[in-house]
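Letter by letter, the chains look like this.
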Amino acid sequence: NSSPSSAKLWLYHGLAVAAVALGAHAYLISRRSRKFRSRVVGIIPARFASSRFEGKPLVQILGKPMIQRTWERAKMAVSLDRVVVATDDHRIADCCRGFGADVVMTSESCRNGTERCNEALQKLDKHYDVVVNIQGDEPLVEPEIIDGIVKALQLAPDAVFSTAITSLKPEDGFDPNRVKCVVDNNGYAIYFSRGLIPFNKSGKFNPRFPYSLHLGIQSFDSKFLKIYSELPPSPLQVEEDLEQLKVLENGYKMKVIKVDHDTHGVDVPEDVEKIEKYMRE
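Residues numbered from 1 in each chain as written. Predicted model: local features only at pLDDT ≥ 70, side-chain atom pairs only at ≥ 80, totals over all residues. Heavy atoms only, no water.

Novice: I keep staring at empty space enclosed by the protein and nothing clicks. Help me out?
Specialist: To locate leftover empty space, one rolls a probe as large as a water molecule over the atoms. Evaluation of the coordinates by the stated rule reveals 1 cavity of 30 Å³ or more. The space that makes up the largest cavity amounts to roughly 80 Å³. Considering the residues around the largest cavity, the lining is formed by Ile134, Gln135, Glu138, Val141, Ile145, Leu215, Gly216, Ile217 and His261. Here the lining of the largest cavity takes 3 residues from strand β10 (residues 212–221), the largest share from any one element. Looking at the lining of the largest cavity, its residues break down into 5 nonpolar, 3 polar and 1 charged. (1 Å grid on protein atoms, 1.4 Å probe; cavity = no way out; pocket = protein on both sides within 12 Å on 5 of 7 lines; lining within 4 Å. Points joined across faces, edges and corners; volume = space filled by probe spheres on them. Helix = DSSP H or I, 4+ residues; strand = E, 2+ residues; numbered from the N terminus. Nonpolar A, V, L, I, M, F, W, Y, C, P; charged D, E, K, R; others polar.)

Novice: Honestly, the nonpolar core in this entry has me stumped. Any pointers?
Specialist: Buried together is how nonpolar side chains tend to be arranged in soluble globular proteins. Judged by nonpolar contacts, the single largest core of 35 residues is most densely connected at Leu80, Val85, Cys96, Val132, Ile134, Ile146 and Ile217. At the level of elements, β1 (40–46), α2 (66–74), β4 (82–87), α3 (90–98), β6 (130–133), α5 (143–154) and β10 are the ones that each hand at least two residues to this core. With 6 residues, α5 is the largest single contributor of residues to this core. Beyond its immediate chain neighbours, meaning those up to four positions away, isoleucine 134 contacts Gly42, Ile43, Ile44, Pro45, Thr70, Ala74, Leu80, Ile146 and Ile217. Formed by 28 residues, the second largest nonpolar core is a distinct cluster that contains Leu121, Ala189, Tyr228 and Leu242. (Core = buried A, V, L, I, M, F, W, Y, C linked by side-chain atoms within 4.5 Å. Buried < 20%, exposed > 50% of the residue type's maximum accessible area, 1.4 Å probe, protein only. Contact = heavy atoms within 4.5 Å.)

Novice: Mind showing me how you'd approach the pattern of salt bridges here?
Specialist: For side chains bearing opposite charge, pairing can occur when the charged atoms are close. Under the criterion given, the structure shown has 17 salt bridges. With its nearest N and O atoms 3.4 Å apart, the salt bridge here joins glutamate 142 to arginine 73. Of this pair, glutamate 142 sits in the loop between β6 and α5 while arginine 73 sits in helix α2, and the two are 69 residues apart along the sequence. Owing to a relative accessible area of 28%, glutamate 142 belongs among the partly exposed residues under this scheme. Overall, arginine 73 belongs to the partly exposed group, its relative accessible area being 22%. Notably, a salt bridge pairs aspartate 271 with lysine 274, separated by 3.8 Å at the nearest N-O pair. (Salt bridge = Lys/Arg side-chain N within 4 Å of Asp/Glu carboxyl O.)

Novice: How should the layout of surface pockets be read in this particular structure?
Specialist: In this structure, the largest pocket encloses a volume near 1,400 Å³. As for the largest pocket, its lining consists of 44 residues, and the residues nearest its centre are Arg52, Gln135, Asp137, Arg194 and Glu243. Every element with two or more residues in the lining of the largest pocket is listed here: β1, α2, α4 (113–123), β10, α7 (235–240) and α8 (244–249). Here the lining of the largest pocket gets 5 residues from one element, more than from any other, and that element is β10. Split by residue class, the lining of the largest pocket holds 13 nonpolar, 16 polar and 15 charged. A volume near 360 Å³ is recorded for the second largest pocket. Looking at the lining of the second largest pocket residue by residue, the class counts come to 3 nonpolar, 4 polar and 8 charged.

Novice: Looking at this structure, how should I read helix α9 (residues 270–280)?
Specialist: In an α-helix there are 3.6 residues to a turn, and that puts residues three or four apart on one side. Where α9 is concerned, the buried positions are Asp271, Val272, Ile275 and Glu276. Down the axis of α9, the smallest arc covering the buried residues is 135°, so these residues share one side. The exposed residues of α9 that point more than 90 degrees off its buried face are Glu270, Glu273, Lys274, Lys277 and Arg280. Contact partners of the buried residues in α9: β2 (60–61). (Arc of directions from axis to C-beta.)

Novice: I would appreciate a short explanation of the packing of α4 against helix α6 (residues 222–230) in the present structure.
Specialist: In helix packing, the relevant descriptors are the interaxial angle and the interaxial distance, both defined with respect to the helix axes. Taken N-terminus to C-terminus, the directions of α4 and α6 make an angle of 120°; their axes are 9 Å apart at the nearest point. When the axis of α4 is compared with that of α6, the two are oblique. With respect to the hand of their crossing, α4 and α6 are arranged in left-handed fashion. Across the interface between the two elements, Thr114, Glu115, Cys117, Asn118 and Leu121 from α4 touch Ser222, Leu225, Lys226, Tyr228 and Ser229 from α6. (Axes fitted to C-alpha atoms, helices over the stretch in contact; angles between N-to-C directions. Parallel < 35°, antiparallel > 145°, perpendicular 65-115°, else oblique. Left-handed = near helix turned anticlockwise from the far one by under 90°.)

Novice: Quick question: what am I supposed to make of α6 here?
Specialist: Three or more residues of α6 are buried, namely Ser222, Phe224, Leu225, Tyr228 and Ser229. Looking down the long axis of α6, one finds its buried residues gathered within 145° of arc, a one-sided arrangement. In α6, the exposed positions angled more than 90 degrees off the buried face are occupied by Lys223 and Glu230. Here α6 starts with a cap whose side-chain oxygen sits 2.9 Å from the backbone nitrogen of lysine 223, and that cap is aspartate 221. (Polar contact = N/O pair within 3.5 Å; in protein donor to acceptor, adjacent residues only side chain to side chain.)

Written out as structure tokens, the structure is:
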């Protein structure tokens, strides 16, 4: 059709295609450059009130508060330009400032660590492309794992989130505090669960299957982090009480790396003695 109105539509269509092409080209250039998701901040969310272990960030582990041990390990990661503690409790804030940490005060209304990270990010005086949510109850977190998930996110422009998994021990197969994960053949997360996944007909842990344990550390594209906080809680997230499920349930992609790592998290008071014994050994 050669009518003026039709020609005008084709012109608009052509301009739109050109604009998209130019935008994609600019994006690819930024991806190849060193500026792509290059500015990285590590945030350690910490709250005093916990149903399973009140005051957990301040518990002493071989003479140091657990939050300090986590902060010291995070500072060793070469990919982080800055490490801050985000908390709603002045006892935690005072403790952290005492050993030299950068602290951002956040509200008590944050429903999880990711929302606390987002609030802290908005209060920082500099812009960052990647935010690493570092679990404060992993006092022996490996700096190399932090660097690994940051690199994974930088190399996967279609992902907005990255995290790490390791091999699941048989004794942790049915522990709801040990979150399991399954990934696809390209290293993207399919699902997370407190139950054993995949589940088999026998209902038992299969020693020949390579089950994966999710490590709590995760990184976000900073623009997505704001979107995430505005999304309403999703059914799977609420049912499993796992915030990463809201990412998958809303159709976003999550890159996963496999690491060789022995987890030494502190979920309940009894875990403190276990981790101290490990550190002494």
